[in-house]
Each structure stands twice: as structure tokens, then as C-alpha cells.
Amino acid sequence: MAFEFPDLPYDYAALEPSIDARTMEIHYDRHHRTYFKNFTGAVDGTPHADKSLEDVMKSVDAGTSPAIRNNGGGYYNHILYWNSMCDGGSAPSADLSKAIDDAFGSMDKVKEELKAAGTGRFGSGFAWLIVQDGKLAVTSTPNQDNPLMSVADAQGTPILALDVWEHAYYLKYQNKRPDYIDAFFETVDWAKTSERFASA
Ligand code: MN
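A. Representation of the overall build of the protein chain. Counting its secondary structure elements, the protein chain contains eight helices and three strands. The secondary structure elements of the protein chain, listed N-terminal to C-terminal, are α-α-α-α-α-β-β-β-α-α-α. For the protein chain, the C-alpha radius of gyration of 16 Å lies close to 16 Å, the compact-globule estimate for 200 residues. C-alpha atoms of the protein chain, sized along the principal axes, occupy 45 × 40 × 30 Å. Looking at the 200 residues of the protein chain, the share that counts as buried comes to 50%. Look at the contacts in the protein chain between residues 6 or more apart in sequence, and 68% of them connect residues 24 or more apart. Carbon and sulfur atoms make up 47% of the accessible area of the protein chain, which amounts to about 9,200 Å² in all.

If you want it as C-alpha cells, here you go:
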């Protein structure tokens, strides 16, 4: 198996005050690591063991075992979530800016749509910026599903992930998910998102 548990791309405290260090530590070292361990345990000895993580995600359908769907999603989704943020945030490329303007009207509008998708997701899940047939779209998924899975309402290549599980924000924001999402926007790594957009 080629699956690895990646390092966090920054220190636990790097995203303070938007994301507090204690939340980052528990989220990465407990939640994410557990998804990874349970996923590798579930695929060990199966044909999935020799696939890429993206290919496993694309193979998920209604008949996939919950152990692979939930833990594989949790493993994949958090890697993208960590890499959707950086200390202080960053700026999008000219190409991504233009695509955002074309699809949503402005950067403020895409944030509004992401926030609506994140706050509107009942219970646990993720909001996403995806590339779908060459165009940008915002969508959300429940639990640890993602837009690579055929079970998703909208399928595409995710380039930005916003975790709206309570474990992502409860210590600092309690029930105030909209406040957490506003703080998330202060950290968005639009430069890395632009790289993912270019290769999607
Ligand atoms: Mn999470």
C-alpha cells in the first residue's frame, strides 16, 4: 500500500486566531489520523490497496462498505482541507480570479456561496469549490463524502475544502458555525487552490 499519513503543512498554531492550536492538534492528530488508520485497515488485502486514493474515492458508490467510504473520505477530505488554508491566506492566480468572476461574479460572491453551502449543510459535512466540466461550482456533501464519489449530488474535482463538522470549530466557536466560516476565509490558500485549478 502506498497510502501515507501526510504531515500537516504548518504548525498547529499557524492559523491562529482563525483556527486555534488545540482544535488543529485534535483535528489532525486524532480525527484525521483515525480516518487514515481505519481506512488502511479496511483496504488492506483488497484490490483498493494498490489504487491511488483519488481512484478509491472515484470508485465509491452506494454499495461501497461504510468503512471505506467514511474513512477513505475522512482521509482524503482532510488532506485537501489542510491544504486549503495557510498562515494569513494567499491570493488567487489571474486565471482563478477570472474563473471565479465568470462563475460567481466576484470573490465576495463565491465566499457567500461557500458560506451558504457550509451553514446549510445540516449536521456534519463539507462545503466544496469544485471544477465541473471545466467550470467552477460550489457544492456540499454530508459526513465524509466528497465530490469525487458517484454518490455525491454534484460531482467534480475538488480544489477547496471547508470542513463544517463541529470538531472543526466547536472548542473556539461552539455553535457559531457562520463565525468559523468567516474566520476560515481569512486563511484560505487561494494560491495553492489556483494550482489545483490549473491541473483540474
Ligand atoms: Mn474534520
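That covers the picture; the talk isn't over yet.
B. Expanded view of the coordination of the manganese ion. Taken together, the protein ligands of the manganese ion are His27 (NE2), His78 (NE2), Asp163 (OD) and His167 (NE2), with distances of 1.9 to 2.1 Å. Between consecutive donor residues of the manganese ion, the sequence gaps follow H-x50-H-x84-D-x3-H. Residue His27 is located in helix α1 (residues 21-43), and its partner His167 is located in the loop between β3 (157-163) and α6 (170-173); the two are separated by 140 residues in the primary sequence.

C. Geometry of the sheet that holds β3. Taken in spatial order, the three strands make up an open sheet running β2-β1-β3, and their pairing is antiparallel. Single-partner strands in this sheet number two, and they are β2 (135-142) and β3. Between one strand and the next, the sheet's axes are offset by a mean angle of 25°, whatever the strand orientation. Judged from the six bridges that link them, strand β1 (residues 125-132) and β3 form a sheet pairing that is antiparallel. If you follow Ile130 over to β3, its bridge partner there is Pro158.

D. Just the pairing of β1, in detail. Burial analysis of β1 places seven of its eight residues in the buried class, which makes it a mostly covered element. Examined bridge by bridge, β1 and β2 share eight bridges and lie antiparallel to one another. Bridge pairing in β2 places Gln132 opposite Lys135. Once β1 ends, the chain turns through two residues before running back antiparallel as β2, passing Asp133 with a positive phi of about 50°.

Calculation criteria
Residues numbered from 1 in each chain as written. Predicted model: local features only at pLDDT ≥ 70, side-chain atom pairs only at ≥ 80, totals over all residues. Heavy atoms only, no water. Helix = DSSP H or I, 4+ residues; strand = E, 2+ residues; numbered from the N terminus. Rg over C-alpha atoms; globule rule 2.2 N^0.38 Å. Buried < 20%, exposed > 50% of the residue type's maximum accessible area, 1.4 Å probe, protein only. Contact = heavy atoms within 4.5 Å. Areas by Shrake-Rupley, 256 points an atom, 1.4 Å probe, with all protein chains shown as cover. Donors = N, O, S within 2.8 Å, 3.2 Å for Na, K, Ca; no water. Pairing = 2+ DSSP bridges. Axes fitted to C-alpha atoms, helices over the stretch in contact; angles between N-to-C directions.

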